[in-house]
Amino acid sequence: MTSQAQSLTFRSDDNCQSSFRGKLLTIDSKLEIQDVEGLKFLCRDFVSHKKLEKSNSASDIFDHLLAEELLSEEDPFFLAELLYIIKQNSLLRYLNQSKEQVESLLPTRRRVSLFRNLLYELSESIGSENLKDMIFLQRDSMPKTQLTPLSFLAYLEKQALIDEDNLGLLEDLCRKVVPNLIRKIERYKREKASEVVTPPVDTETESLHQKEEELFSPSDINQFHGALSVGSLMGCGSIFSSFKEANVYRMDRKHRGHCVIVNNHTFAKMPDRPGTDKDAECLSRVFQWLGFSVHVYKNVTKGHLDEVLQEFKCHPDHVDGDCFVFCVLTHGKFGAVYSSDGTLVPIREIMSHFTAQKCPGLAHKPKLFFIQACQGKGIQTPVSIEADAVNPEHVSPSLKDSIPDAADFLLGLATCSWYIQSLCNRLKSLVPRHEDILSILTAVNNDVSQQADKQGTMKQMPQPAYTLRKKLVFPVPQKELLL
């Protein structure tokens, strides 16, 4: 190419970059088919699989990221991370970033999970002959369609044969076919084990919610600091001007979301729960008032619960919804609830259906779980608590073991009968005041702590645990709520 032709091409590129979408289009034009497949795989935790399957180009994927507010001109870091992972570092310049800048921000701004990074990295090291051998070993469970290393690993994940905590099959395949890849898996395990959850250090927030478990990963805590670093590269004015909006979960999609209520009144081998129907009705009216589509299931067996969880894990409406709520009213023990047929189900098992990996439509959206697990006679003896200086850590085991190690979850649990009524009343009174959900739960906590049992000797307190990254403020409904 002559120098004159090179100059013309350069000026054409400059013109194309006059807008952010122009820059994205330029990036799209420089990516190959295998790069697009890599982007689709890396975005599986953020964009619905159905949308990704229909994406034929990088620009299609960019459109989905823009729509989900995962990509913007003010904060293009997620795309920069994706380009870095697929080793297209030369394209970072269109985002005004460099390989070194991305590497410096990854520790605090990483969004692609270690697990997905691992699978992508492994796919790059699995040759065609290696792939044939792995497929041969798994022939009985493999589809007859042609597979690439990436689609092979994606299929194993889709069939729940591997996940972030279950790599046994993958390790076995690598040992038999590509032993040198075991080092990558071992490194992943070490990195995953080193991820520590710590509470935020803001003293005002700590004082406000001192009785609540706050579960933020280091990357969650420093997310805004990372955004400021990007702002210094891209122009920090818009970052500061939109800070308030960026710090609050979005609540303006097509619909508010779904609210599931599991209401167990009658049990096979345990006493009935009088008053639970009133609680379920109260929850239903409150969340309908807040704009949710409410689904009530009564006297749910373990098998029926599994069906409900599967239905809402895969519900197509999540993509266009703001939030998800799951309520359980039943007998229980700390950290687990009983189905109507007497099966003890860990709370973590219920919540784990809705992680970003398993339910992409709810990725980066708040997922709220409210559980009233009454501990009747013969199930668990209640503990007497002094009224003053209550430390939830000393009252019962921490709830942190019940919620998944993922962002955007909240779990509120209590064993007392008045918890749900207080929750409903506080939502009714404080949502119109634009209070966020954690402030509302603090008020609920105070209500319940003031209640005594019939003997006046026991006070029970709900102990919320959460990994919310932003404030959750429900829009104020236009209609008045009558409870």
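Here, the structure is the one placed above.
The residue numbering used here restarts from 1 in each chain and proceeds along that chain's sequence as written. Since the coordinates come from a predicted model, pLDDT governs what is reported: local features require at least 70, and pairs of side-chain atoms require 80 or more to be given and counted, while whole-chain, interface and lining totals use all residues. Neither water nor hydrogens contribute to the side-chain values; these are computed over all heavy atoms in the structure.

## Brief notes about the pairing of strand β7 (residues 367-374)
A regular strand carries its side chains on alternate faces of the sheet. Three labels apply to residues, based on accessible area from a 1.4 Å probe with only protein chains included: buried if under 20% of the type maximum, exposed if over 50%, partly exposed otherwise in between. Secondary structure follows DSSP: runs of H or I at least 4 residues long count as helices, runs of E at least 2 residues long count as strands, and numbering of each begins at the N terminus. The element β7 is extensively covered by neighbouring structure, given that eight of its eight residues are classed as buried. The alternating pattern of β7 places Lys367, Phe369, Ile371 and Ala373 on one face and Leu368, Phe370, Gln372 and Cys374 on the opposite face, and all of these are buried. Sheet topology note: the strand β4 (residues 321-333)/β7 ladder contains eight bridges and is parallel. Residue pairing across strands places Cys327 opposite Phe370, the latter belonging to β7. Whether two strands pair comes down to DSSP finding at least two bridges between them. With six bridges connecting them, β7 and strand β8 (residues 409-414) associate as parallel partners.

## A short note on empty space enclosed by the protein
Only protein atoms enter the 1 Å grid, on which a cavity is a set of points fitting a 1.4 Å probe that cannot get out and a pocket is an open set with protein on both sides within 12 Å along at least 5 of 7 lines, lining residues being those with an atom within 4 Å of a point. Grid points are joined across faces, edges and corners, and a volume is the space filled by probe spheres set on the points. Using the criterion set out here, one finds three cavities of 30 Å³ or more in the structure. Taken together, Val262, Asn264, Val300, Thr301, Leu305, Val328, Thr330, Val337, Tyr338, Ser339, Val345 and Ile350 make up the lining of the largest cavity. Amino acid classes used here: Ala, Val, Leu, Ile, Met, Phe, Trp, Tyr, Cys and Pro are nonpolar; Asp, Glu, Lys and Arg are charged; the rest, including Gly, are polar. For the lining of the largest cavity, the class distribution of residues is eight nonpolar, four polar and no charged.

## Here we look at the packing of aromatic side chains
Centre distance within 6.5 Å is the pairing criterion for rings of Phe, Tyr and Trp, where only the six-membered ring of Trp is used; planes under 30 degrees apart are then read as stacked, over 60 as edge-to-face, and the remainder as tilted. Enumeration according to the criterion identifies 13 aromatic pairs in this entry. Geometrically, the ring pair formed by Phe312 and Phe324 is tilted, given 6.4 Å between the ring centres and 35° between the ring planes. On the criterion of sequence distance, the pair formed by Phe312 in helix α19 (residues 302-313) and Phe324 in strand β4 is long-range, its members being 12 residues apart. Accessibility classification places Phe312 together with Phe324 in one group, the buried group. Ring centres of Phe354 and Phe369 lie 6.0 Å apart, and the angle between their planes is 50°; on these two criteria the pair is classed as tilted. Within this pair, whereas Phe354 is found in the loop between α20 (347-351) and β7, its partner Phe369 is found in strand β7, the two being separated by 15 residues in sequence.

## Here's the deal with the pattern of salt bridges
When the charged atoms of two side chains with opposite charge come close together, those side chains can pair. In the sections that follow, a salt bridge refers to a side-chain nitrogen of Lys or Arg positioned within 4 Å of a carboxyl oxygen of Asp or Glu. Here the structure, examined in full by the defined rule, presents 22 salt bridges. Asp172 is the salt-bridge partner of Lys176, the closest N and O atoms lying 3.2 Å from each other. In this pair, Lys176 and Asp172 are both assigned in helix α11 (residues 168-177), four residues apart and thus about one turn of the helix distant. Since its relative accessible area comes to 32%, Asp172 is described here as partly exposed. Each of Arg44, Asp45, Arg116 and Glu157 takes part in salt bridges that share partners, so that together they form one network.

## Quick look at the pairing of β8
Along β8, six of the six residues are buried, which leaves the element largely enclosed by surrounding structure. Side chains Phe409, Leu411 and Leu413 of β8 all project onto a buried face; the interleaved residues Leu410, Gly412 and Ala414 project onto the opposite face, where all are buried too. Across two bridges, the pairing between β8 and strand β9 (residues 465-466) is antiparallel. In the sheet register, Leu411 faces β9, and the bridge partner there is Ala465.

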